[in-house]
Every structure is written in structure tokens, then in C-alpha cells.
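These are the residues of each chain, in order.
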Amino acid sequence: MTTKDFLMAGGKMGMLPTAMSLFATLCSASTILGIPVEIYYLFSWLIASFLTSHIFIPKFRELGFISIYTYLEKRFSLALRISVTLTFIITCILFMSVILYGPCLALSQVTGLHIWLAIISCGVICTFYTSIGGMKAVIWTDVAQSFVIFVGVILSIVFGFIDAGGVKKVVETVIIGQRINFSDINFDPNLYPLFVLETFNRLPGLTGLFIASVMSGSLSTISSGVNSISAVTIEDIWKPLMTNKLVTDEKQAKISKYISIVLGLLTMLFAFLMSYLTNILVIAYSIMGALAAPIFGVFLLGFFFPRVNSRVSALVAFLTTLLFQIWVLVGANFTRHQQSKRILPISIDGCISSASTNVTINLMNIEY
């Protein structure tokens, strides 16, 4: 297996499986559980998707690099390329550890499986097929996981409408409860796990299908993340720093597999550490937002400001923005006096049995 086969599936994958893999990668477990409260951001998603598909993806496709960070060296400098790559790696590892820990905690609450055993099982399985099969294995497992996600979500929608009395009744209920209010986009705590457990609990196997959907979202995100980090580590750090050593393509592919194994172990280790923290998902998304913004800004600078050619200026701008974002991140999460939030009533009294309620509350605590 060559490096191109391992990291890019030989560049021969079809459009449909690639699209489904992208969907499964972006549809993580947190997305499945948290998407109902983010529906207010539908229009921003549409705008972002349109700009990404019409501006950035065609540009990256035209460049033809294995890693998009190669562009930063061609446009600015190697130092900027490595700095951005390291920022991406740190962000991705932290996010993958949260994505692994959250669903494993939900799985342990529902099935009684020990949380550490759940993390090790899911982490080893994901690391195994990612390190053995590379991108091709990631894409085809993502395709299968996409079907599981689709079935779980669609069934929850169908049964939800049936239980509520139809589409018209649902619309009337959300209007009376003031749940459709586009002038207020503050997040309410996520009640989707409660809804699913109450709806699926009456039919054997459906609750397990929902848990499988959540785990599928988690595994697809982690496998793609491991493959991506392996690619950028080889292309953006190892190759530029080892220019004096001639290494065969087969050996590079073998090194990529070793990196995938190490990344899988690191993800499991950080997932264990997450069990000692609180509000992990909020912190993870905050870190992603804070560290991704400077990376996005560097690419905007390179694409749309051709007059900026100074290597030092681009690096200084990136580091300055990164430090500012970290300062904002720390201030937003660790200041003593946070701004109070107005939320709608979320009482679950009388909804389901106490056992199911305890599981649901634990699932909700994973997200917020």
C-alpha cells in the first residue's frame, strides 16, 4: 500500500461514498444529540456550506495537495505551515477525545458497561480499521455508519410525529410553547435524548438503534480525524523536516499507520482524562472555535489578498490572532461573573419512569 492509497484512497473514490463519508464525519455524536437546539442556525449553515463548496473546495481541489496546509508554505513560509498544522493537530485531538468520551458514557449508562471498557472497545475498534485500511476503510465504514445514522434519526422523527398527533399538532405545540422565536437564539438544554428514550422505549430494539446511531457518529468522526492528522503529520511536519533522508513510499505508508495507532491511543488517553472534567463539550467546542478562527483567517489572507507577500507578517498575524483567541477563550470560560441566560421551561415531570429519567439526565449532562 502506497502513501497515496493510505491517505487518499488512491484518489479513485466515487462521489457518493465520499459525500456520505463527509456527512458522517461532520455528523458526530454531539451533532446528533445537539442538532435540535441548533436549528436556529440553519441559515448560517446554508451560507457557510455554499461558500465552502463554491470557493474553498474548488480551490483546494485545483491545488492537488494531500494536505491543504502545503499551500501555506507555497504562499508564505514553512514556519507558518508548521505552526498552523500543530494548531490543527491539538484542536483535533482534544475534540476527538470528547467525541469518544461522550457517547461511551451514554453507552455505559444505558447498558451498564463500565465507562473505561466502553472507551477502550470503541477506541481500539476505530484505531484498528483506520490504521489497517487507511482512507478507503474510513470512507466505506462511514458509508455504513451513515445508513445507521439516517435510520435512527428518521425513525425518531416519524414516531415523534405519530405520538404527537401529526405535523399540524406539532406546529401548534411549538408555537404555544414559544419554541419558534428567531429573535432569541440562546441554546436551551438538549431534551432530544429524553424524547428518543420516551419514544423508542416501547418498541424492542429501537433504543439500541438510537445508541448505535450515536456511536456511529462518534466513530466516523474519530476515524476521519485520525486519518487527517496522520496525513498532515507526514506531509506538513515530517517530510519538510526530513528533506535530507530518502524514504520509500511504502515506508511512508507504514509510518502513517504507526502514527494512526499512536493517535488512537492518545485519543483514548485524553478520553479517560475527560471523565475528571465538567462541561467538557462546551469547553471542546470553545477550543475548536478559538483555534480554528486564526487558521481560517490565514487562508483568507492567502486567497484574497495577493499584495500580502511578507513571510514574517503572515506568521506574526497568525500568532497574534491565536493568542488573542486563547485570551478570549480563557476569559469566557473561567471568569467568575458570567452573563445570565434566559431559557424556556424544561421540566420533565411526568414524562417517563425514574430509571429512564436518570439515564436521560446523564445523557443531557454529557452535552451541557
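Structure shown above.
Caption draft 1: Local environment of the overall build of the protein chain. Of regular secondary structure, the protein chain possesses 14 helices and zero strands. Secondary structure of the protein chain in N-to-C order comes out as α-α-α-α-α-α-α-α-α-α-α-α-α-α. Per-residue burial over the protein chain gives 42% buried out of 368 residues. Across the protein chain, every contact between residues at least 6 apart in sequence was considered, and the portion connecting residues at least 24 apart equals 84%. Total accessible area on the protein chain stands at roughly 20,000 Å², and carbon and sulfur atoms take up 70% of it.

Caption draft 2: Molecular detail of the state of the cysteines. Across all of its chains, the model carries zero disulfides by this definition. With no disulfide of its own, cysteine 104 lies 3.9 Å from the sulfur of cysteine 122, the closest cysteine sulfur. Take cysteine 104: its relative accessible area is 0%, and that puts it in the buried class.

Caption draft 3: Representation of helix α10 (residues 206-241) within the structure. In this model, α10 (36 residues) spans 51 Å end to end at C-alpha, consistent with the 52 Å of a helix rising 1.5 Å per residue. Maximum bend of α10: about 30°, positioned at isoleucine 234. Where burial is concerned, most of α10 is hidden: 29 out of the 36 residues are buried.

Caption draft 4: Seen up close, the pattern of salt bridges. Applying the stated rule across the entire model yields three salt bridges. One salt bridge in this structure joins glutamate 73 and arginine 81, with 2.3 Å as the shortest N-O distance. For glutamate 73, a relative accessible area of 27% gives the class partly exposed. Residue class for arginine 81 comes out buried when judged on its relative accessible area of 4%.

Caption draft 5: Inspection of the side chain of threonine 130 at higher detail. For threonine 130, the location among the structural elements is in helix α7 (residues 115-164). A distance of 2.7 Å separates the side chain of threonine 130 from the backbone oxygen of cysteine 126, its partner in a polar contact. Setting aside its immediate chain neighbours within four residues, threonine 130 contacts Phe6, Val138, Ser223, Val226 and Asn227.

Caption draft 6: Inspection of the nonpolar core at higher detail. If you look at the biggest cluster of nonpolar residues, it comprises 58 residues, and the most contacted ones within it are Leu100, Cys104 and Ile119. Ranked by residues supplied to this core, first place goes to helix α6 (residues 78-111) with 14 residues. Beyond its immediate chain neighbours, meaning those up to four positions away, cysteine 104 contacts Ile115, Ala118, Ile119, Cys122 and Met215.

Caption draft 7: The arrangement of the packing of helix α2 (residues 15-26) against α7 in detail. The geometry of α2 relative to α7 is characterised by a closest axis approach of 8 Å and an angle of 65° between their N-to-C directions. On the basis of their axis angle, the class for α2 and α7 is roughly perpendicular. For the element pair α2 and α7, the recorded crossing hand is left-handed. The segment α2 lies against α7, with Pro17, Thr18, Met20, Ser21, Phe23, Ala24 and Thr25 engaging Val138, Ile139, Trp140, Asp142, Val143, Ser146, Phe147, Ile149 and Phe150. The residue makeup of the contact of α2 with α7, split by class, is 11 nonpolar, four polar and one charged.

Caption draft 8: A look at the side chain of serine 220. Among the secondary structure elements, serine 220 is positioned in helix α10. Among the residues examined, serine 220 registers a relative accessible area of 0% and is labelled buried. When near neighbours in sequence (up to four residues on either side) are disregarded, serine 220 contacts Ala24, Thr25, Cys27, Asp142 and Gln145.

Caption draft 9: Structural detail: the packing of aromatic side chains. By the definition in use, this model includes 12 aromatic pairs. Seen in terms of ring centroids, phenylalanine 60 and phenylalanine 303 are 5.8 Å apart; in terms of plane orientation they differ by 55°. Their pairing is tilted. Note that phenylalanine 60 is positioned in helix α4 (residues 42-63) and phenylalanine 303 in helix α12 (residues 280-304), a separation of 243 residues in sequence. You can call phenylalanine 60 partly exposed: its relative accessible area is 22%. Classification of phenylalanine 303 as buried rests on a relative accessible area of 18%. By way of ring pairs, the aromatic residues Phe56, Phe60, Tyr69, Tyr71, Phe88, Phe296, Phe299, Phe303 and Phe304 are connected into one cluster.

Caption draft 10: View of the packing of α7 against α10. One can describe the packing of α7 onto α10 by two numbers: an axis separation of 6 Å at closest approach and a directional angle of 145°. Handedness of the crossing formed by α7 with α10: left-handed. Class assignment of the residues belonging to the contact of α7 with α10 gives a composition of 17 nonpolar, 11 polar and one charged.

The rules behind the values
Residues numbered from 1 in each chain as written. Predicted model: local features only at pLDDT ≥ 70, side-chain atom pairs only at ≥ 80, totals over all residues. Heavy atoms only, no water. Helix = DSSP H or I, 4+ residues; strand = E, 2+ residues; numbered from the N terminus. Buried < 20%, exposed > 50% of the residue type's maximum accessible area, 1.4 Å probe, protein only. Contact = heavy atoms within 4.5 Å. Areas by Shrake-Rupley, 256 points an atom, 1.4 Å probe, with all protein chains shown as cover. Disulfide = S-S within 2.5 Å. Expected span 1.5 Å × (residues − 1). Bend = angle between axes of the 7 residues up to and from the residue. Salt bridge = Lys/Arg side-chain N within 4 Å of Asp/Glu carboxyl O. Polar contact = N/O pair within 3.5 Å; in protein donor to acceptor, adjacent residues only side chain to side chain. Core = buried A, V, L, I, M, F, W, Y, C linked by side-chain atoms within 4.5 Å. Axes fitted to C-alpha atoms, helices over the stretch in contact; angles between N-to-C directions. Parallel < 35°, antiparallel > 145°, perpendicular 65-115°, else oblique. Left-handed = near helix turned anticlockwise from the far one by under 90°. Nonpolar A, V, L, I, M, F, W, Y, C, P; charged D, E, K, R; others polar. Phe/Tyr/Trp six-rings, centres within 6.5 Å; stacked < 30°, edge-to-face > 60°.

Honestly, that's just the spatial picture; any functional story needs more than this.
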